[in-house]
Amino acid sequence: MQVMVIVKATKDSEAGIMPSTELLEAMGKYNEELVNAGIMKDGAGLHPSSRGKRIAFDGASRLVIDGPFAETKELIAGFWIWQVKDMDEAVEWAKRCPNPMPGPSELEIRQVFEMADFGEAMTPELVEQEDRMREKLANQ
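Computed from a predicted model, the values in this text were never measured in an experiment.

Asks: How do you make sense of the sheet that holds strand β6 (residues 107-111) when you look at a structure like this?
Replies: Backbone hydrogen bonds are what pair the strands of a sheet, in a parallel or an antiparallel way. Read from one edge to the other, the open sheet built from four strands follows the order β2-β5-β1-β6, with strand pairing classed as antiparallel. Sheet topology places β2 (40-45) and β6 at the edges, where each strand pairs with a single neighbour. Across the sheet, the mean angle from the axis of one strand to that of its neighbour is 15°, orientation sign disregarded. In the sheet, strand β1 (residues 2-8) pairs with β6 via five bridges, with the strands oriented antiparallel. The residue bridging Val5 from the neighbouring strand is Ile109, located in β6. Each of β2 and β5 (76-83) is contacted by helix α2 (residues 21-36), which is oriented at about 25° to β5, the strand it contacts most. Running at roughly 160° to β6, helix α3 (residues 87-95) makes contact with β1, β5 and β6 of the sheet.

Asks: Honestly, unusual backbone geometry in this entry has me stumped. Any pointers?
Replies: Most peptide bonds adopt trans geometry, and most residues besides glycine take a negative phi value. Residues Gly67 and Pro68 are joined by a peptide bond in cis, for which omega reads 5°. You can see Pro68 is positioned in the loop between β4 (61-66) and β5.

What counts, and where the lines are drawn
- Residues numbered from 1 in each chain as written.
- Predicted model: local features only at pLDDT ≥ 70, side-chain atom pairs only at ≥ 80, totals over all residues.
- Heavy atoms only, no water.
- Pairing = 2+ DSSP bridges.
- Helix = DSSP H or I, 4+ residues; strand = E, 2+ residues; numbered from the N terminus.
- Axes fitted to C-alpha atoms, helices over the stretch in contact; angles between N-to-C directions.
- Contact = heavy atoms within 4.5 Å.

See below:
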């Protein structure tokens, strides 16, 4: 199964305070372990929400909202995409992570939907469409 491991933002990350060399080295070693174990498929840090945008949907209406966004505890500072056997394995790997922020911080692990999760709503035509998209992504 695939999971997204979300690094939650903090006041420091939202202020644009960059990690120390020591933290960058520790995270680099951890990422290397994840890659060598075949767990990590992707990952990146994100700029503060002050540099971001939100798009609010209401029917056909679209509203662009400029950052920064309130509620730092609800924001994302970075992410990984991991391929794991189950949620227990994801938790074990996450517990090995160096603290991703200078002070208290939090990771959130969320399972990624697979086509089978959508049941009968996923028609054969939609499966073909998804397969074509994934093939194109793999070839980029």
